[in-house]
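Breakdown of the fold
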Amino acid sequence: MTATIALVDDDRNILTSVSIALQTEGFLTRVYADGDTALKALIDNPPDLAIFDIKMPRMDGLELLRRLREKSAIPVIFLTSKDDELDEALGLAMGADDYIAKPFSQRLLIARIKAILRRVEVVQQSAEGDAPVAGPLERGRLTMDPARHRTLWGGEPVTLTVTEFLILETLAQRSGIVKTRNQLMDAAYQDDIYVDDRTIDSHIKRLRRKFRQVDPDFDAIETLYGAGYRFSEE
């Protein structure tokens, strides 16, 4: 099935050029010039993936993501200005799956899109029984069910994006073993797609925040400074 990509940007030149590039790769595209217009459409008729510019009038990309995440977990890639490190970190902390700084290579953007869609496809195939999957992973109070893309902490559901799920699953599979940032990058971003350390750190912060909404005392994801992260069942 052909994937549909939604583009939300107030720059008509970017909408046009990226849309043409995606259509050349075989994707269907929908374009929106502002967050207000995009929000209802994204909720009522979700695409397979969305790309948001951060700086837009009326409703910026951060607010659009915040409101979208109340209703949907569709993958989102942020387009950011080159020097807006705070916006990048905040966007990832709010639940974006990836970000690309402007000016950007369309080839890189397409590679990132395809990588995320492949991860989503694996999860969907597992849920539909089209691919072999292991049973639920249980580590202390944590239960992860890859076939249903479902995560529980002490029996309470925790909603994770595909990227967050893969990072946590990698940590929990070998409880107590330290995973470097590079190992977590390999698990969440396959096909030699480069992301920097800040991306993984932001996803970890988001994971902790989500679990602490269920359990304020959550401390199962430990930071080993200079080494990486590990999951602890204790």
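So, here's what we can say about the structure. Just so you know, these numbers come straight off a predicted model, no measurement behind them.

1. Considering the side chain of Ser72
Within the element layout of this structure, Ser72 appears in the loop between helix H3 (61–69) and strand E4 (76–81). Judged by its relative accessible area of 14%, Ser72 is buried. For Ser72, the side chain forms a polar contact with the main-chain nitrogen of Ile74, separated by 3.2 Å.

2. Here we look at the pairing of strand E10 (residues 221–224)
Summarising the sheet, E10 and strand E11 (residues 228–231) pair through 4 bridges and their orientation is antiparallel. Paired with Thr223 across the bridge in E11 is Tyr229. Between E10 and E11, which pair antiparallel and follow one another directly, the connecting turn spans 3 residues, one of which, Gly226, has a positive phi of 85 degrees.

3. Digging into the environment of Arg209
As for its position among the elements, Arg209 is in helix H8 (residues 197–214). Residue Arg209 is classed as partly exposed on the basis of its relative accessible area of 40%. With 115 residues separating them in the primary sequence, Arg209 and Met94 have C-alpha atoms 9.7 Å apart.

4. Some words on the packing of aromatic side chains
Tallying each qualifying case throughout the model produces 4 aromatic pairs. Summarising the aromatic geometry, the rings of Phe211 and Phe218 are spaced 4.7 Å apart at their centres and angled 15 degrees between planes, so their arrangement reads as stacked. Members of the aromatic cluster, each reached through a chain of ring pairs, are Trp153, Phe211 and Phe218.

5. Focus: the environment of Ala21
Here Ala21 lies in helix H1 (residues 12–24). C-alpha separation for the pair Ala21 and Ile110, spaced 89 residues apart in sequence, amounts to 8.3 Å.

6. Details of the pattern of salt bridges
Under the criterion given, the structure shown has 13 salt bridges. Between Arg66 and Glu70 there is a salt bridge, with its nearest N and O atoms 3.1 Å apart. A salt bridge links Glu164 to Arg206; the nearest nitrogen and oxygen atoms lie 3.8 Å apart. Linking Glu164 in helix H6 (residues 162–173) with Arg206 in helix H8, this pair joins segments that are 42 residues apart in sequence. Residue class for Arg206 comes out buried when judged on its relative accessible area of 15%. Several salt bridges converge on common partners, so that one network encompasses Asp34, Asp36 and Arg58.

7. Quick look at the pairing of strand E5 (residues 98–102)
Across the 5 residues of E5, 4 count as buried, placing the element largely inside the fold. By the bridge criterion, 5 bridges tie E4 to E5 in an arrangement that is parallel. Looking at the pairing, Ile77 lines up with Asp98 of E5.

8. Here's the deal with the sheet that holds strand E8 (residues 150–153)
Adjacent strands of a sheet pair through backbone hydrogen bonds, lying either parallel or antiparallel. Judged by pairing direction, the sheet is antiparallel, and its 4 strands sit side by side in the order E6-E7-E8-E9 without closing on themselves. The two strands at the open ends of the sheet, each matched to only one other strand, are strand E6 (137–139) and strand E9 (156–157). With 4 bridges connecting them, strand E7 (residues 142–145) and E8 associate as antiparallel partners. Bridging from a neighbouring strand, Met144 pairs with Thr151 of E8.

9. A short note on the sheet that holds E4
The 5 strands are arranged E2-E1-E3-E4-E5 in an open sheet whose pairing can be described as parallel. Two strands in the sheet have a free side with no partner beyond their single neighbour: strand E2 (28–32) and E5. When the angles between neighbouring strand axes are averaged without regard to direction, this sheet yields 20 degrees.

10. As for the packing of H6 against helix H7 (residues 181–188)
Between H6 and H7, the shortest axis-to-axis distance is 9 Å and the interhelical angle comes to 130 degrees. Judged by the angle between their axes, H6 and H7 are oblique. Classified by chirality, the crossing of H7 by H6 is right-handed. Here H6 contributes Thr163, Leu166, Ile167, Thr170 and Leu171 to the contact with H7, which in turn contributes Leu184, Ala187 and Ala188. Residue composition of the contact of H6 with H7, grouped by class: 6 nonpolar, 2 polar and no charged.

About the criteria used
Residues numbered from 1 in each chain as written. Predicted model: local features only at pLDDT ≥ 70, side-chain atom pairs only at ≥ 80, totals over all residues. Heavy atoms only, no water. Helix = DSSP H or I, 4+ residues; strand = E, 2+ residues; numbered from the N terminus. Buried < 20%, exposed > 50% of the residue type's maximum accessible area, 1.4 Å probe, protein only. Polar contact = N/O pair within 3.5 Å; in protein donor to acceptor, adjacent residues only side chain to side chain. Pairing = 2+ DSSP bridges. Phe/Tyr/Trp six-rings, centres within 6.5 Å; stacked < 30°, edge-to-face > 60°. Salt bridge = Lys/Arg side-chain N within 4 Å of Asp/Glu carboxyl O. Axes fitted to C-alpha atoms, helices over the stretch in contact; angles between N-to-C directions. Parallel < 35°, antiparallel > 145°, perpendicular 65-115°, else oblique. Left-handed = near helix turned anticlockwise from the far one by under 90°. Contact = heavy atoms within 4.5 Å. Nonpolar A, V, L, I, M, F, W, Y, C, P; charged D, E, K, R; others polar.

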